[in-house]
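Each chain is listed here by its residues.
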Amino acid sequence: MQRLIITLDGPAGSGKSTVARRLAGLLGLEFLDTGAMYRGLSARCVERGIDPVAEDYAVVELARNSEMRFDWTQDPPRLHVGGVDVTDRLRDSDVTGQVSEVSAISGVRQVMVREQRRMGEEHPRLVTEGRDQGSIVFPHAGVKFYLDAAPAVRAKRRAQQLRDAGKTVDLEEVRQRITERDRKDSNRKFGPLICPEDAQRIDTSDMTLDQVVDMLEAEVKQAVGAAL
Ligand code: DC
C-alpha cells in the first residue's frame with residue numbers, strides 16, 4: 001500500500017481537528033491528533049502535581065517513561081499515556097491551562113516527534129494535525145495544509161466545542177486563553193507554530209466546516225489522486 005501523509009497545521013480553534021478527522025474518513029486514511037498527545041502528557045502532570053515551568057526535567061522524564069498509545073479501533077481514537085486512559089481529561093481547563101508550557105519543553109518535543117514519526121511508520125496512510133507536522137515531523141508529506149481563521153472566529157468555535165462537550169463557557173475567557181496560547185505556541189524556541197513554505201494556507205473565517213472539508217478533499221485528489 002502506497003504511503004500517504006497529509007499534514008494540517010494551524011492555531012487553536014482553526015477547525016483543524018474536526019476537518020482532519022472528516023477528511024481522513026472521506027479519503028479512507030487514519031487520523032492522528034498530535035495536540036491530544038501534548039494534552040495527555042499535561043493531564044498526567046496535573047495528576048502528579050508536576051509544575052511544567054519549575055520542573056521541566058520531571059516532565060521530560062515522565063514523557064520518556066510513559067508509553068503513548070492510541071486505540072485506533074475507536075472513533076475518535078482513545079489515548080492512553082503510561083497505561084492510563086486520559087481521553088476524557090484532554091479538554092479540561094486545568095489540562096489546557098498548562099499544555100503550552102508542557103509543549104514548549106525541548107525534551108518533551110523530542111519524545112513527541114519521535115513517537116509521531118513511529119506512528120507514521122506504523123500507520124503510513126495518515127492525516128495528521130498539529131503545529132509542526134508539515135514543518136518538523138513530516139517535512140516530506142505528500143500534501144500540506146495550514147488552516148487559519150480570525151481570533152474572534154476561533155474563540156467562538158472553541159467555545160461551541162466546549163459547550164458541546166457539556167462544559168460551562170465564558171466566551172471572553174476562551175478568547176483570552178486562545179490568544180495567549182497562540183502567542184506562546186508561535187514564539188517558543190522549539191517547533192513553533194509556523195506555516196511551512198510548501199503548505200497551502202487557507203483562511204477558514206468565512207467558510208463552513210463542509211466547505212473547508214470539500215476544498216481540502218478536492219485539493220488532495222488533485223495533488224495525489226493516484227495515491228488514494
Ligand atoms: O491543537 P490543540 O489545541 O489540541 O493543541 C494543544 C497544545 O499542544 C497547543 O497549545 C500546542 C501544542 N501542540 C504542539 O505544540 N505541537 C503539536 N504538534 C500539537 C499541539
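Now for a quick tour of the structure. Since this is a predicted model, take the numbers as computed values, not measurements.

1. A few points about helix H8 (residues 171–187)
In step 1: Taking 1.5 Å as the rise per residue, H8 with 17 residues should run 24 Å; its terminal C-alpha atoms sit 24 Å apart, in good agreement.
In step 2: Those residues of H8 not exposed but buried are Val174, Ile178, Arg181, Asp182 and Asp185. Along the axis of H8, the buried residues cluster in a sector spanning 110°; they form a single face.
In step 3: Where H8 is buried, its residues meet helix H2 (34–48), helix H4 (93–103) and helix H7 (151–164).

2. Description of the pattern of salt bridges
In step 1: As enumerated under the stated definition, the model contains 23 salt bridges in all.
In step 2: Where Arg118 meets Glu115, a salt bridge forms, and the shortest distance between an N and an O atom there is 2.7 Å. In this pair, Arg118 and Glu115 both sit in helix H5 (residues 106–122), three residues apart, roughly one turn of the helix.
In step 3: The class of Arg118 is partly exposed, set by a relative accessible area of 29%.
In step 4: The structure contains a network of salt bridges with shared partners spanning Arg89, Asp92, Asp94 and Lys167.

3. Examining the sheet that holds strand E3 (residues 68–71)
In step 1: Across the sheet, three strands lie side by side as E3-E4-E5; this open sheet has antiparallel pairing. Of all the strands in the sheet, just E3 and strand E5 (84–85) have a single pairing partner and so form its edges.
In step 2: Strand direction decides the pairing type here: strand E4 (residues 78–81) and E5, joined by two bridges, are antiparallel. When the sheet's bridge partners are listed, His80 is paired in E5 with Asp85.
In step 3: Along the sheet face, H2 touches E3, E4 and E5 and points at about 45° away from the line of E4.

4. Some details on the site of the ligand
In step 1: Taken together, 18 residues lie near the ligand, and Arg39, Arg109, Asp132, Arg181 and Arg188 sit nearest.
In step 2: In the model, a nitrogen atom of the ligand is placed 3.0 Å from a nitrogen or oxygen of the Thr34 side chain.
In step 3: Here Arg131 contributes a side-chain N or O atom positioned 2.9 Å from an oxygen atom of the ligand.
In step 4: In isolation the ligand exposes 450 Å². Once the protein is present, 100% of that is buried.
In step 5: Here the ligand occupies the largest pocket.
In step 6: Those elements that place two or more of their residues in the shell around the ligand are H2, H4 and H8.
In step 7: Considered class by class, the residues forming the shell around the ligand number two nonpolar, six polar and 10 charged.

5. What to know about the packing of H2 against H4
In step 1: Put simply, H2 and H4 touch, their axes get as near as 8 Å, and they point 110° apart. It follows that H2 is roughly perpendicular to H4 by the angle criterion. Between H2 and H4, the contacting residues are Tyr38, Arg39, Leu41, Ser42, Ala43, Cys45 and Val46 on the first element and Asp94, Val95, Thr96, Gln98, Val99, Val102 and Ser103 on the second.
In step 2: Looking at the contact of H2 with H4, its residues break down into eight nonpolar, four polar and two charged.

Rules of the game
- Residues numbered from 1 in each chain as written.
- Predicted model: local features only at pLDDT ≥ 70, side-chain atom pairs only at ≥ 80, totals over all residues.
- Heavy atoms only, no water.
- Helix = DSSP H or I, 4+ residues; strand = E, 2+ residues; numbered from the N terminus.
- Expected span 1.5 Å × (residues − 1).
- Buried < 20%, exposed > 50% of the residue type's maximum accessible area, 1.4 Å probe, protein only.
- Arc of directions from axis to C-beta.
- Contact = heavy atoms within 4.5 Å.
- Salt bridge = Lys/Arg side-chain N within 4 Å of Asp/Glu carboxyl O.
- Pairing = 2+ DSSP bridges.
- Axes fitted to C-alpha atoms, helices over the stretch in contact; angles between N-to-C directions.
- Near = heavy atom within 4 Å.
- Polar contact = N/O pair within 3.5 Å; in protein donor to acceptor, adjacent residues only side chain to side chain.
- Areas by Shrake-Rupley, 256 points an atom, 1.4 Å probe, with all protein chains shown as cover.
- 1 Å grid on protein atoms, 1.4 Å probe; cavity = no way out; pocket = protein on both sides within 12 Å on 5 of 7 lines; lining within 4 Å.
- Sits in = over half its atoms within 2 Å of the grid points.
- Nonpolar A, V, L, I, M, F, W, Y, C, P; charged D, E, K, R; others polar.
- Parallel < 35°, antiparallel > 145°, perpendicular 65-115°, else oblique.

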